[in-house]
Amino acid sequence: MDEPPLAWRGRLPVTLIGGYLGAGKTTLVNALLRAADGRKLCVLVNDFGSVPIDRDLIVAAGGDTLELSGGCVCCQYGSDLIETLADLPVRQPQVERVLLETSGVALPDQVAASLSLLPGYRLDGVVVLADAETVRARADDRYVGDTIRRQLAAADLVIANRCDLVSPAARDEVLRWLAGEVPGARLLAAAHAAIAPELALGLREGAVVPPAGPRSPDAAALYESVALDLPAGIDLEALARRLTDPALGVLRAKGIVADGSRRRALHVVGARAAIDEAPPAARPGRLVAIGLRGRFDRAAIARAL
Amino acid sequence: MSSSPFVIYRAKRILTMNPARPEATHVAVRDGRILGVGPLDELAGWGTHTLDETFADKVLMPGLVEGHSHAAEGSFWRYRYLGRFDRMDPDGRVWPGLGSIEAVIASLQETERGLATGGAAPDAPLSGWGLDPIYYGDRRMAREDLDRVSTVRAVGVMHASGHIFNVNSRALELAGLLRTGVNHPGVPLGADGLPTGELKGPDAMTMVGRHIGYDREAMANDEGGLRAFARLCVRQGVTTATDLANLLPDDAVAMMRRVTGEARFPVRIVPFRRFQALTPRQAVDHALALRGQATDRLRLGAIKLFVDGSIQGFSARLRWPGYFNGAPNGLWYTPPETIRELYALALGHGVLVHSHTNGDQATEMALDCLEAALPGQPARDHRFTLQHCQLADAAQFRRMRQLGMCVNLFPNHHFYWGDQHYEITVGPERALRMNACATALAEGVPMAIHSDAPVTPLGPLFTAWCAVNRRTASGRMLGGSERISVADALRTITLGAAWTLKLDGELGSIECGKRADFAVLEDDPLAVAPEALKDVRIWGTVQDGRLFPAAEA
């Protein structure tokens, strides 16, 4: 169940980290680098202008690349994201995972579409940070409001950041607002972008239940899940349409069915769904779904099968 | 006072742009500067001189100033020109416009035969530019069309807008895109699930660019392209031209200093440092460092900022009610917080900033940002300029005037894409007000007009024709109330553009003390019919007193 689909093999996973200026993208990137735990990460930033990496993590600097501790690197892409990505596997063959920090006004779904042009990569997930203090005002700003909303709408995971700067009541209020604004995304509250790294990575990989280890104490409180038998021969396309209905509150779901000797997998992430080939060893016949506690309609999901 | 000999040129007519002496018959030149303009007997008072009759049957104007062009126009001529309209190359050859996709293919096939017989490598790419399929009805170009040119070479064609490539199957294959499963709004798919060969937007274009000969690194520091651009300037009467968005790395600056410093380089180049991948502080520091490297013919030290995208690409930011065809609003290229910070720092350091705003919401935002920055950094003569600014309304022009801003409008766009704006992008009513030259002048906003070459051809007299006539490619009169007079247009392509570059004190008019920069014309632009302004023949230029006949460029 945890093995990635065959089509993903050999493709570098890319996590997009978006959000408006000052929402905490750089803070999150640094936190993820500190938790790299031996994984060779490549951080791509628009520019080095605003010192994107904590100085104690930088081993050496040269041109468009910063060498970081633990074998990680940071590159600036400026106007040339595609060329930077195309050259990356040659220039930095050790890299296992890419964290792509978009510019403050970039639209993550457009960046994700561009990523799909490069056969060597796959989108691992879209994380969008929102400044809990300012996001609602910014979302109504006559200039950047629609940009903020389009950024949020593209997210698999929204991190309501800088929650330490607002009262608990204001925090709950902004969380409610975000949950309504982006019903298809997971939602986490944080200060200093401090979240368990596992929650930001692997968003579109096999595991449908967020790891609930000691480093992510909020997961169990936030989510509930359901596991159901999946009838053989079920129409996965039709099921995908039903499970992406926002009324069900499904944040993520994965199901595998047997099709002769082949295995087909359905992945649901919020309003999106994809069907692809699963490894032959994958055990068919089960659907696991997860949603935000209180917004998750188990009965409706059971009826959808 | 120097009494060294000097030259007096006699001309049929000299249009000075100096209201105190709007026209004359003689101009005296010493040491590359204008000693005086007026009747011969007045000028003779300066002492020993030679009377030069070279221009006796010509009309002289101040050297034309192109306030928004890109030296890349010179680089593009290494590719096959495939536009709908006739266009002159740096050698003076006019390439005929192509009336159909079939004609485009035939032209590429001819180029291919030339490559094959000329000994080019069998897999060398073949590139074209200037394609504009909107003139060919609903028929889109597909990779199968370009496969008829070659299946072995990568073949790629850039659209006139600069925002789209069409490529053949081989180019798609080399880029790894000849496959199913591509899911990108800029990559339309055919019935077979494979890309059709049309690639829209910078990311999709980058995928194929290097395979079809559009090598960005080579074009960023292209000495041959700069020389070709300069020859085009001579043919169009231009003596000062901007290169309006250049990253200006050290090696490119060194090349430009060397080339423009040559004794016979004919143009004053004004490169702007593109604001990209920099903090405002770094951008201003770089601009100040570049200012220290400026020379007489290479004026460095200004910044170009992108606020939004393009209207025909639906990436410009529009105010309510948005795009006529319902497309979602466009993209911000720079957030307002960053723009305010850049404006404030640049105002404080006396660095000139020109801002690309196409949609009226982008214009509004730039106005707000400058209004917010000015109280903290009062600057009485900043000349911050909005470039393109195509959709601004009268109220926005009034704000520009109140904030001390200039505008550089894009009448050429009106000719080439006005019909598309009328029918698709902004709809009939707002299309009428696009590039509102008459309103800008009436509201007292210092104004220039431009070509954005290579997007449209370099040629200020053609740009003036567009502003005077406001005809679109289909012949439609679009927004006749925004037409300006020929006299206003001629002033705009000389003093007007010079003002936006802070060069009006040294050029832009023919008067004592200024640079001896002239556009030398065979016809009199004030005597021909306004409809014929674009057909005025150009002999060449005089730049800093040096003669540059187009025939020898």
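Residues numbered from 1 in each chain as written. Chains lettered and ligands numbered in written order. Predicted model: local features only at pLDDT ≥ 70, side-chain atom pairs only at ≥ 80, totals over all residues. Heavy atoms only, no water.

Focus: helix α6 (residues 168-181) of chain A
No. 1: In a regular helix each residue adds 1.5 Å, so 14 residues correspond to 20 Å; α6 of chain A covers 20 Å between its end C-alpha atoms and thus fits that length.
No. 2: Of the surrounding secondary structure, the elements contacted by the buried residues of α6 of chain A are β7 (121-131), α4 (135-139), α5 (145-153), β8 (157-161) and β9 (186-189) of chain A. (Helix = DSSP H or I, 4+ residues; strand = E, 2+ residues; numbered from the N terminus. Expected span 1.5 Å × (residues − 1). Contact = heavy atoms within 4.5 Å.)

Brief notes about the pairing of β7 of chain A
Residues and elements named next belong to chain A.
No. 1: Counted residue by residue, β7 has eleven buried out of eleven residues, so it is predominantly covered.
No. 2: Of the strand pairs in this sheet, strand β1 (residues 12-19) and β7 are connected by eight bridges, and their pairing is parallel. Counted as the bridge partner of I17 is V127 from β7.
No. 3: Where β7 and β8 come together, five bridges link them in parallel fashion. What sits directly across from L129, in β8, is I159. (Buried < 20%, exposed > 50% of the residue type's maximum accessible area, 1.4 Å probe, protein only. Pairing = 2+ DSSP bridges.)

What to know about the domain arrangement of chain A
No. 1: The domains assigned to chain A are domain 1 (6-205) and domain 2 (223-304).
No. 2: For domain 1 of chain A and domain 2 of chain A, the distance between their C-alpha centroids amounts to 27 Å. (Domains from an automatic or database assignment.)

Digging into the domain arrangement of chain B
Residue and element names in this part refer to chain B.
No. 1: For chain B, the assigned domains read domain 1 (78-217) and domain 2 (222-547).
No. 2: The centre of domain 1, based on its C-alpha atoms, is set 29 Å off from the matching centre of domain 2.
No. 3: Counting residues at the interface gives 15 residues for domain 1, matched by 17 residues for domain 2.
No. 4: Roughly 1300 Å² is buried in total at the junction of domain 1 and domain 2, and carbon and sulfur atoms are behind 55% of that figure.
No. 5: The interface formed by domain 1 and domain 2 holds two salt bridges in total.
No. 6: For D222, the salt bridge is made with R78, and the minimal N-O distance between the two is 2.3 Å.
No. 7: Summed over the shared surface of domain 1 and domain 2, the result is seven residue pairs in polar contact (both at pLDDT 80 or more).
No. 8: Classifying every residue of the side of domain 1 that touches domain 2 gives seven nonpolar, three polar and five charged. (Buried area = accessible area lost by both parts, 1.4 Å probe. Salt bridge = Lys/Arg side-chain N within 4 Å of Asp/Glu carboxyl O. Polar contact = N/O pair within 3.5 Å; in protein donor to acceptor, adjacent residues only side chain to side chain. Nonpolar A, V, L, I, M, F, W, Y, C, P; charged D, E, K, R; others polar.)

Section: empty space enclosed by the protein
All names here are of chain B.
No. 1: Enumeration over the complete set of coordinates arrives at three cavities of 30 Å³ or more.
No. 2: Roughly 150 Å³ of volume is contained in the largest cavity.
No. 3: Around the largest cavity, the lining is made up of 17 residues, and of these Y81, R87, G130, A160 and Y416 lie nearest the centre.
No. 4: Listing elements by their share of the lining of the largest cavity, those giving two or more residues are β10 (126-131) and α14 (411-425). (1 Å grid on protein atoms, 1.4 Å probe; cavity = no way out; pocket = protein on both sides within 12 Å on 5 of 7 lines; lining within 4 Å. Points joined across faces, edges and corners; volume = space filled by probe spheres on them.)

As for the pattern of salt bridges
No. 1: Under the defined criterion, the tally for this structure stands at 62 salt bridges over all chains.
No. 2: The closest approach of N and O atoms between D124 of chain A and R122 of chain A, which form a salt bridge, is 3.6 Å. A single burial state applies to D124 of chain A and to R122 of chain A, both of which are buried.
No. 3: Look at the salt bridges and you will find they share partners, linking R142 of chain A together with R319, D360, E364, D368, E371, D393, R399 and R433 of chain B into a network.

Describing the interface of chain A and chain B
No. 1: Of the residues lining the interface, 29 residues belong to chain A; the matching set on chain B comes to 35 residues.
No. 2: For the pair chain A and chain B, the summed buried area comes to about 2500 Å², and 53% of that belongs to carbon and sulfur atoms.
No. 3: When residues of chain A are sorted by the area they lose upon contact with chain B, V105, L117 and Y143 of chain A head the list and together hold 28% of the total.
No. 4: At the surface where chain A touches chain B, the tally comes to four salt bridges.
No. 5: One salt bridge connects D146 of chain A with R317 of chain B, and the closest N-O pair in it is separated by 2.7 Å.
No. 6: Linking chain A with chain B are 16 residue pairs in polar contact (both at pLDDT 80 or more).
No. 7: When contributions to the side of chain A that touches chain B are tallied by element, the ones reaching two or more residues are α2 (81-91), α3 (108-115) and α5 of chain A.
No. 8: If you tally residues by element for the side of chain A that touches chain B, the top one is α2 of chain A, at four residues.
No. 9: Residues of the side of chain A that touches chain B, tallied by class, amount to twelve nonpolar, nine polar and eight charged.

Here's the deal with the nonpolar core
When a protein is soluble and globular, its nonpolar side chains tend to lie buried together.
No. 1: Judged by nonpolar contacts, the single largest core of 176 residues is most densely connected at L152 of chain A together with Y343, M400 and V407 of chain B.
No. 2: When residues no more than four places from it in sequence are discounted, the contact partners of V407 of chain B are T385, L386, C389, F397, M400, A440, V445, P446, M447, A448 and T500 of chain B.
No. 3: With 31 residues, the next largest nonpolar core counts V45, V127, A196 and A200 of chain A among its residues. (Core = buried A, V, L, I, M, F, W, Y, C linked by side-chain atoms within 4.5 Å.)

Some details on the environment of G322 of chain B
No. 1: For G322 of chain B, the position within the fold is in the loop between β16 (302-306) and α11 (336-349).
No. 2: Residue G322 of chain B is classed as buried on the basis of its relative accessible area, which comes to 14%.

Comments concerning the side chain of D243 of chain B
All names here are of chain B.
No. 1: Tracing the chain through its elements places D243 in strand β14 (residues 238-246).
No. 2: We note that D243 is buried and unpaired, the nearest opposite charge coming from K304 at a distance of 8.9 Å.
No. 3: Beyond its immediate sequence surroundings of up to four residues, D243 is in contact with S69, H70, A71, M256, I269, V270, P271 and F272. (Lys, Arg positive; Asp, Glu negative; His and termini not counted.)

Here's the deal with the sheet that holds strand β20 (residues 447-449) of chain B
Residue and element names in this part refer to chain B.
No. 1: The strand order across the open sheet formed by eight strands is β6-β14-β15-β16-β17-β18-β19-β20, and the pairing between neighbours is parallel. The strands lining the two open edges of the sheet, one partner per strand, are β6 (64-66) and β20. Averaged over all pairs of adjacent strands, the angle between strand axes in this sheet comes to 20 degrees, irrespective of strand direction.
No. 2: As paired elements, strand β19 (residues 406-409) and β20 share three bridges and run parallel to each other. Across the sheet, N408 pairs through a bridge with A448, a residue of β20.
No. 3: Helix α17 (residues 460-469) contacts β6, β14 and β20 of the sheet and is inclined by roughly 110 degrees relative to β20. (Axes fitted to C-alpha atoms, helices over the stretch in contact; angles between N-to-C directions.)

Observations regarding the pairing of strand β6 (residues 97-101) of chain A
Residue and element names in this part refer to chain A.
No. 1: Buried residues dominate β6, accounting for five of its five residues.
No. 2: Across four bridges, strand β2 (residues 41-45) lies against β6 in parallel orientation. Residue L44 lies in a different strand from β6, and its bridge partner there is L100.

Some words on the packing of α14 of chain B against α17 of chain B
When two helices pack together, their arrangement is given by the angle between the helix axes and the distance between those axes.
Residue and element names in this part refer to chain B.
No. 1: In contact at an axis separation of 7 Å, α14 and α17 are set at 70 degrees when each is read in the N-to-C sense. Considering the angle they form, α14 stands roughly perpendicular to α17. Every residue of α17 that contacts α14 at P411, N412, F415 and Y416 is listed here: F462, T463, W465, C466 and A467.
No. 2: Counted by class, the contact of α14 with α17 contains seven nonpolar, two polar and no charged residues. (Parallel < 35°, antiparallel > 145°, perpendicular 65-115°, else oblique.)

Overview of the sheet that holds strand β5 (residues 73-76) of chain A
All names here are of chain A.
No. 1: Taken together, the nine strands give an open sheet; going across it, the order is β3-β4-β5-β2-β6-β1-β7-β8-β9, and neighbouring strands pair in mixed fashion. One side of each edge strand has no neighbouring strand; the edge strands of this open sheet are β3 (58-62) and β9. Neighbour-to-neighbour, the strand axes of the sheet open up by a mean angle of 20 degrees, direction not taken into account.
No. 2: Along the sheet face, α2 touches β2, β4 (65-68), β5, β6 and β7 and points at about 160 degrees away from the line of β2.
No. 3: Of the strands in this sheet, β1, β6 and β7 are in contact with α3, which crosses β7 at around 170 degrees.

Comments concerning the environment of D37 of chain A
Residue and element names in this part refer to chain A.
No. 1: Relative to the helices and strands, D37 resides in the loop between α1 (25-34) and β2.
No. 2: D37 sits in the exposed class, given a relative accessible area of 72%.
No. 3: Counting along the chain gives 194 residues from D37 to P231, while the straight-line C-alpha distance between them is 40 Å.

A closer look at α14 of chain B
Residue and element names in this part refer to chain B.
No. 1: If you check α14, its first and last C-alpha atoms are just 17 Å apart, much less than what 15 residues at 1.5 Å a residue would give, namely 21 Å.
No. 2: Maximum bend of α14: about 75 degrees, positioned at W417.
No. 3: Residues P411, N412, H413, H414, F415, Y416, W417, G418, D419, Q420, H421 and T425 constitute the buried set of α14.
No. 4: Those residues of α14 hidden inside the fold are in contact with β19, α15 (428-433), α16 (437-442), β20 and α17.
No. 5: Where α14 terminates, the next one or two residues include G427, which has phi positive at roughly 85 degrees. (Bend = angle between axes of the 7 residues up to and from the residue.)

Points about unusual backbone geometry
All names here are of chain B.
No. 1: The step from W320 to P321 runs through a cis peptide bond, and the omega angle for that step is 5 degrees.
No. 2: Summarising the element assignment, P321 is placed in the loop between β16 and α11.
No. 3: Here A453 and P454 are connected by a cis peptide whose omega angle stands at 15 degrees.
No. 4: Structurally, P454 is set in the loop between β20 and α17.
No. 5: Positive phi, close to 70 degrees, is recorded for M17, a residue that is not glycine.
No. 6: In this structure, M17 sits in the loop between β1 (6-15) and β2 (23-30).

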